[in-house]
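# Structure at a glance
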Amino acid sequence: IASPTLPAIPLLTATGFVLAETQAPHRLVRFFHALFGFMPGGVAVLVSAVCALFTAFTGGSGITIIALGGLLYPILIENGYSEQFSLGLVTAAGSLGLLFPPSLPVILYSVVAKVPADRLFIAGLVPGLILLLLVAAYGIIFGRKLRTQRQPFVWNELLKAAWGAKWELSIPLVMVVLFGTGLASLLETSAFACAYAIVIACFIQRDLHPFWELPPVLLKATALVGAVLILLSCAMGLTSYLVDA
């Protein structure tokens, strides 16, 4: 109850669930497709990038796979990738963003280990980027062997896609600025991100109705938060017991 970091968990979980229930995955896929589609294996790079970004939002690879799997898997199959490779890539890419802010596993470790979250995010930035680049590089090599279809790079399409996804892309940028510069604490940044995501989903993009569709989404997030808090309480209780012993 006294933890200054723990209340950030339900707020960030709600943020991820709200984004997962909107058209944000489609807008992000269009943006990254316009950005990387010209490369050999560009679709695999797209999958890696969009999954890493979305997992940073949701804090869980399972939520990312559920939200994006049905969208990304057909794209990979249509571009000539095998079923095994497509399933493996979507599953593996779902965990690529777990080290990037504001990832929930990092915050959970911060609470249990009593280490400042900002130090953990800084420490995980380079390893997270290396993992992302390795998966993307493997996708490029695999795509080059298959000679997958590419699309020409068109600035107009990239600008349109970026404009369409500008609100979703602004969420991590705003959070990094608020938390990284010390303008807000992790809890305050999480609260802002949750409110910002709800405003985007309900009143700007209008993907969710604030009275009919938003409450069930928050209820789903509550169920996950309950499970996480039970696991966290057990972990912290065991840690305290071992320390006392």
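The structure displayed is predicted, hence computed values, not measured ones. Per chain, the residues get numbers from 1 upward, laid out in the order the sequence is written. Confidence filtering applies because this is a predicted model: local features only for residues at pLDDT of at least 70, side-chain atom pairs given and counted only at 80 or more, and all residues used for totals across whole chains, interfaces and linings. Note that water and hydrogens are dropped before the side-chain values are worked out from all heavy atoms of the structure.

Numbering of helices and strands runs from the N terminus; a helix is a DSSP stretch of H or I covering at least four residues, while a strand is a stretch of E covering at least two. The secondary structure content of the chain amounts to 11 helices and 0 strands. With the radius of gyration taken over C-alpha atoms, the globule rule is written as 2.2 Å times the number of residues to the power 0.38. Against the globule reference of 18 Å for 245 residues, the chain gives a C-alpha radius of gyration of 19 Å, in line with a compact fold. Expressed along its principal axes, the backbone C-alpha trace of the chain runs to roughly 60 × 45 × 35 Å. When checking whether two residues touch, look at their non-hydrogen atoms; a contact exists if any pair is within 4.5 Å. Within the chain, contacts between residues separated by at least 24 positions form 75% of all contacts whose residues are at least 6 apart in sequence. Using a 1.4 Å probe, the Shrake-Rupley method yields the accessible areas, and only the shown protein chains count as cover for residues. Element-wise, carbon and sulfur atoms account for 71% of the exposed surface of the chain, whose accessible area totals about 12,600 Å².

Turning our attention to empty space enclosed by the protein. Two kinds of site are reported from a 1 Å grid over the protein atoms alone, namely cavities, where a 1.4 Å probe fits but cannot get out, and pockets, open sets with protein on both sides within 12 Å along at least five of seven lines, and residues are called lining when an atom falls within 4 Å of a point. Grid points are joined across faces, edges and corners, and a volume is the space filled by probe spheres set on the points. Applying the stated criterion to the full structure yields 1 cavity of 30 Å³ or more. Its volume calculated, the largest cavity comes out at about 40 Å³. Residue lining of the largest cavity: Pro101, Pro102, Met175, Val176, Phe179, Leu186 and Thr189, and that is the complete set. Among the elements of the structure, helix 9 (166–180) and helix 10 (186–204) are those that each provide at least two residues to the lining of the largest cavity.

Its boundaries defined by the atoms lining it, the largest pocket holds a volume of some 390 Å³. Along the walls of the largest pocket sit 18 residues, with Ala52, Leu53, Phe100, Leu129 and Leu132 positioned nearest its centre. Looking at the lining of the largest pocket, the elements that each hand over two or more residues are helix 2 (24–36), helix 3 (42–58), helix 7 (117–146) and helix 9. If you tally residues by element for the lining of the largest pocket, the top one is helix 3, at 6 residues. Charged residues are taken to be Asp, Glu, Lys and Arg, nonpolar residues to be Ala, Val, Leu, Ile, Met, Phe, Trp, Tyr, Cys and Pro, and polar residues to be all remaining types, Gly included. Here the residues of the lining of the largest pocket are counted per class, giving 17 nonpolar, 1 polar and no charged.

Bringing the pattern of salt bridges into the picture now. By definition here, a salt bridge exists when the distance from a side-chain nitrogen of Lys or Arg to a carboxyl oxygen of Asp or Glu is within 4 Å. Inspection of every chain in the model, using the stated rule, returns 4 salt bridges. For glutamate 21, the salt bridge goes to lysine 220, with nearest N and O atoms at 3.6 Å. Residue glutamate 21 is located in the loop between helix 1 (8–20) and helix 2, and its partner lysine 220 is located in helix 11 (residues 214–244); the two are separated by 199 residues in the primary sequence. Think of it in three bands: with a 1.4 Å probe and only protein chains considered, a residue is buried below 20% of the maximum accessible area for its type, exposed above 50%, and partly exposed in between. For glutamate 21, a relative accessible area of 35% gives the class partly exposed. Assessed through its relative accessible area of 45%, lysine 220 is described here as partly exposed. Its salt-bridge partner being arginine 30, residue glutamate 157 comes within 3.0 Å of it at the nearest N-O pair. Here arginine 30 lies in helix 2 and glutamate 157 lies in helix 8 (residues 155–164), a separation of 127 residues in the sequence. Given the relative accessible area of 38%, arginine 30 is considered partly exposed. When salt bridges that share partners are traced, they join Arg27, Glu168 and Asp207 into one network.

Moving on to the confidence of the model for the chain. For every residue, the predictor states its confidence as a pLDDT score lying anywhere from 0 to 100. On average, the chain scores 85 in pLDDT, and the residues at 70 or more come to 93%. Mean pLDDT across the elements of the chain bottoms out in helix 11 (76) and peaks in helix 8 (94).

Our focus in this paragraph is the nonpolar core. Nine residue types can take part in a nonpolar core, namely buried Ala, Val, Leu, Ile, Met, Phe, Trp, Tyr and Cys, and a core is a set of them joined through side-chain atoms within 4.5 Å. Core analysis: the largest hydrophobic core is formed by 71 residues, its most contacted members being Val18, Leu28, Phe32, Val47, Val50, Leu72 and Ile171. With 13 residues, helix 3 is the single largest residue contributor to this core. Excluding anything up to four places from it in sequence, valine 18 contacts Ala197, Ile198, Ala201, Leu208, Leu214, Val217 and Leu218.

To continue, consider the environment of leucine 120. Here leucine 120 shows up in helix 7. Linking leucine 120 and leucine 99, residues 21 residues apart in sequence, is a C-alpha distance of 8.5 Å. Not counting the four nearest positions on each side in its chain, leucine 120 is found in contact with Val106, Tyr109, Ser110 and Val115.

The next thing to look at is the environment of phenylalanine 32. Here phenylalanine 32 shows up in helix 2. Separated by 13 residues in the primary sequence, phenylalanine 32 and valine 45 place their C-alpha atoms 8.5 Å from one another. For phenylalanine 32, the residues in contact, after removing those within four places along its chain, are Gly37, Leu46, Ala49, Val50 and Leu53.

Take unusual backbone geometry next. A positive phi angle, close to 60°, is found at lysine 114, a residue other than glycine. Structurally, lysine 114 can be placed in the loop between helix 6 (104–113) and helix 7. Looking at lysine 114, the relative accessible area reads 73%, which means it is exposed.

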